[in-house]
Amino acid sequence: TGCKSARYCSINCQRDAWPNHKFACKTRAAKLQDEILFRRPESTHLGDCPMCLLPLEVEHTKSIMMTCCSKMICDGCDYANELRDVECPLCCQPVPTDEELDLNVMKRAEAGDPVAIRQMGSKHSERGDYEAALKNFTRAAKLGDVEAHSHLVALYQGGEGVEKDEKKEIYHLEQAAIGGNALARHNLGCEEGSKGSERAIIHLIIAASHGLDESIEMLKGWYADGHINKEIYDKARNLYQLAVDVRKSPQREAAKLAKQNLGDEQKQRDAILFKQPSSCHVGDCSICLLPLPLDVTRYEMIACCGKPVCGGCLYASVMRDGEVALDSKCPSCEQRFPQSQADRDLYRMRRAEANDAAAILEIGTGCFMKEDYSSAFDYWTQAAKLGDIEAHYNLSSLYYEGKGVEKDESKFVYHCEEAAIGGHPLARRNLGAHEKDNQNTERANKHFTIAASLGDDESLKLLEESCESGKVKKDDFAAVVRAHKAAVDATKSPQREFASVALQQLEHDKLLFKRPECSHLEDCPICLLPMDLDNEKNGMLACCSKLLCDGCMMAKKISEEERSDTDGKCPFCRQPCPKNEVEMKKNIKKRVDANDPFAIREKGLRCYEKGDHVTALELWAKAANLGDIDAHFRLGKAYSLGEGVEKDVNKQTYYYEIAAIGGHPSARFNLGAHDFNSGNIDRGVKHIMISASHGHDLSIQTIKQIYPLGYVTKEEFAAALRAHKAAVDATKSIQREASAEAQRNKTWPYVFHPDKGSHISHPRNF
């Protein structure tokens, strides 16, 4: 029985005697449990330090777990090891990496090591996988790990992975207390104290006898309030002092002093680290003296003197029509402004020889772009020693990614801190992310606050997330939003905004007016000649959506007839070609289902011909998103004519420009006509000249019309005629001429006929 005071000959005998023995049995069993529960353990569950053989401190912060062998040692012995700079004195193995540590823990867990199993449970708990954590903690507890019982208490108390269960919570608290866990014993005392039980005093005395500060402080308070007498308090205080004294040693005192000094140094470091910088690390423009923006594309470090100049001042000083003027001088040092990359490199080398930190930084950046990380590290280290903030930030990236050097978290943090102190918002944000990963939410939010107040958008978003989760007060976040706006607004000026828009337009025009090498139809994949712009002279294979010229299609058909090839397989996908309109539509549907942009556009054309403009636009939009140039042209024309949508000049221009950049001559011509009619004569002529050079007949006719009016010079007119003729001639071949002759005489046997099938679908003109 539970009371261990009675024995029975059988279960029936025990059942018959139970009503009379029940009360005495439970009373005796509770007494035996209390004897076990209130028996003071000889030591805590942590045991003794395996090196100095003194009891380990109750506070976990005063003990260190060796990652190589999972042994707990006191901070005094750990401090002594650091001074001697030796490997682990217990297992004589080097400190493992994070990957090696995870592998070792898994191996030991598979071998049934309760400490390793508990560590696995802790990792699952950190990831939020409480069910797996519960299994590991339960298994470790069954194998005798006292700390695992404490983890189970937390799970049953918070209802994480299991339903809340007060009985199981108390059970695991008692098991942890019996095993010598002083904090579990203290929590039991608090639980009993809330019920007004005198058992709480015993629990607190036992916990205090292990040196737990919280227990002796609570007993002190109870003694002051008159809940316990002087004799009990003196007994507890003596036991507490004995436990504290037995844990003292010169090494531990030295470690304590070192930690205090380190703490003082950390406080001084934090006072510098969290001081709000007066400005961002990039500083002010050397001409207009306004703060430079964080976007590096909106300012430039001038190579000749290394001075930062904003885009507005640079555009106003040295640029003409988007290019650096040949006679321009540096607005800062009045030297000849560098015209080429060779000039810039020469200036940088001269400044680097004079120990200019910015020049050395730029040379290191050049090495980094060439993936010469070792040289980049050397240059950036030299620049950082000369005080360059950006160099510190770059070095932190190298140590974080392990490029050119081994990964080193401490050096990553050091260089990030140096850059952050110098006002580098990205370094500050990285520090915040690092602190957040280490669960230091308060320090992380401090970093994000400073970075956001310097104008960093990402830090503001991270703070907004913290505000939504309640980790940052709304008033504090509102103050940061105002500081962020002020920092961003300080970098703005009419000159900079004008330069930004002008440069963006120039970049856009460079792309828009760059003549494509070929039209959007490209070359025939068989004869490799440019496709004719007249869609009636080209055909799309319904089986695989390949576009062929009629000349190659005629040659293919003749070859099949000569070989008596009745299957008519496609020369590309090797599938039988459709023999009638039904099969052709079926193949096109397959291509549409496979997200073939050409087939989707063809289906849209069929819908358009039926008058279903809305469906046609949806299909063309889908084809355009998949990269079809002609679909962009058709969308532009739809917005121009207002078919299926309301007229929209902006969208019309947008789609025409994409199609023109992709080499669509008709889109280019329409753009030119729109610009010409809107009064932008030069832009209109440029567009029409480019479309004419692709062999677009309407463009060359338009040029012939505007030439007498003086909109085109004689040289431009002659060049347009030559380019148009060259483009048209490039599309000619004997096979294509023969095909055209056959079509004129109506003798081409492979245009679709009800009796003679064809696998060609001619693209519709729009």
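The coordinates are above.
*Asks:* Teacher, can you tell me more about the overall build of the chain here?
*Replies:* Across its full length, the chain holds 34 helices and 9 strands. Relative to the globule expectation of 27 Å for 766 residues, the C-alpha radius of gyration of the chain, 41 Å, shows a markedly less compact shape. Along the first, second and third principal axes, the C-alpha atoms of the chain reach 120 × 85 × 50 Å. Counting across all 766 residues of the chain, residues that qualify as buried make up 41%. In the chain, once contacts between residues fewer than 6 apart in sequence are set aside, the share between residues at least 24 apart is 53%. Seen as two clouds, the 103 positive and the 116 negative side-chain charges of the chain have centres 3 Å apart.

*Asks:* Would you mind going over helix α9 (residues 199–209) with me for this structure?
*Replies:* In terms of burial, α9 is largely enclosed, as 9 of its 11 residues are buried. By the burial criterion, the buried members of α9 are Ala200, Ile201, His203, Leu204, Ile205, Ile206, Ala207, Ala208 and Ser209. Of the residues flanking the end of α9, it is glycine 211, one or two places downstream, whose phi is positive at about 95°.

*Asks:* What is the right way to read the pairing of strand β7 (residues 538–541) from this model?
*Replies:* Regular strands place side chains that alternate from one sheet face to the opposite one. Residues Asn538 and Met540 point to one face of β7 and Gly539 and Leu541 to the other, with burial holding for every one of them. As paired strands, β7 and strand β8 (residues 547–549) are joined by 3 bridges and run antiparallel to one another. In the sheet register, methionine 540 faces β8, and the bridge partner there is leucine 547. In this antiparallel pair of consecutive strands, β7 and β8, the connection spans 5 residues, and serine 545 shows a positive phi of 65°.

*Asks:* Even after reading the chapter, I still don't get the side chain of asparagine 394, so can you show me in this structure?
*Replies:* Along the chain, asparagine 394 falls in helix α17 (residues 389–401). Sequence-distant contacts of asparagine 394, that is, excluding residues within four places in its chain, are made with Leu361, Thr365 and Trp380.

*Asks:* What is the right way to look at the environment of alanine 255 in this model?
*Replies:* Relative to the helices and strands, alanine 255 is located in helix α12 (residues 250–273). Considering only alpha carbons, one finds alanine 255 and cysteine 74, 181 residues apart in sequence, at a separation of 9.6 Å. Excluding residues within four positions of it along the chain, alanine 255 makes contact with Asp75, Gly76 and Tyr79.

*Asks:* I would appreciate a short explanation of the packing of helix α4 (residues 114–126) against helix α5 (residues 130–142) in the present structure.
*Replies:* Geometry of a packed helix pair, given as the angle between the helix axes and the separation of the axes. Their axes nearest at 8 Å, the elements α4 and α5 cross at an angle of 165°. By the angle class used here, α4 and α5 are roughly antiparallel. Crossing of α4 against α5: the hand is left-handed. Residues Pro114, Ile117, Arg118, Met120, Gly121, Ser122, His124 and Ser125 of α4 pack against Tyr130, Ala132, Ala133, Asn136, Phe137, Arg139 and Ala140 of α5.

*Asks:* Quick question: what am I supposed to make of helix α18 (residues 409–421) here?
*Replies:* Note that an α-helix has 3.6 residues per turn; residues three or four places apart therefore point the same way. The end-to-end C-alpha separation of α18 is 18 Å, in line with the 18 Å expected for 13 residues at 1.5 Å each. Within the span of α18, buried status applies to Phe412, Val413, His415, Cys416, Glu417, Ala419 and Ala420. Glycine 423, located one to two residues past α18, shows a positive phi value of around 95°.

*Asks:* Would you explain the pattern of salt bridges in this entry?
*Replies:* Two side chains with opposite charge may pair up if their charged atoms get near one another. The full count for this structure, using the stated rule, is 27 salt bridges. The shortest N-O distance in the salt bridge between glutamate 458 and lysine 461 comes to 3.7 Å. Taken together, the residues glutamate 458 and lysine 461, both in helix α21 (residues 457–468) and 3 residues apart, mark about one turn of the helix. Overall, glutamate 458 belongs to the partly exposed group, its relative accessible area being 38%. Close ionic contact of lysine 492 with aspartate 489 constitutes a salt bridge, the shortest N to O distance being 3.8 Å. For lysine 492, a relative accessible area of 45% corresponds to the partly exposed category. Given the relative accessible area of 33%, aspartate 489 is considered partly exposed. A network of salt bridges, in which partner residues are shared, links Arg601, Asp628, Asp630 and Arg634.

Calculation notes
- Residues numbered from 1 in each chain as written.
- Predicted model: local features only at pLDDT ≥ 70, side-chain atom pairs only at ≥ 80, totals over all residues.
- Heavy atoms only, no water.
- Helix = DSSP H or I, 4+ residues; strand = E, 2+ residues; numbered from the N terminus.
- Rg over C-alpha atoms; globule rule 2.2 N^0.38 Å.
- Buried < 20%, exposed > 50% of the residue type's maximum accessible area, 1.4 Å probe, protein only.
- Contact = heavy atoms within 4.5 Å.
- Lys, Arg positive; Asp, Glu negative; His and termini not counted.
- Charge placed at Lys NZ, Arg CZ, Asp CG, Glu CD.
- Pairing = 2+ DSSP bridges.
- Axes fitted to C-alpha atoms, helices over the stretch in contact; angles between N-to-C directions.
- Parallel < 35°, antiparallel > 145°, perpendicular 65-115°, else oblique.
- Left-handed = near helix turned anticlockwise from the far one by under 90°.
- Expected span 1.5 Å × (residues − 1).
- Salt bridge = Lys/Arg side-chain N within 4 Å of Asp/Glu carboxyl O.

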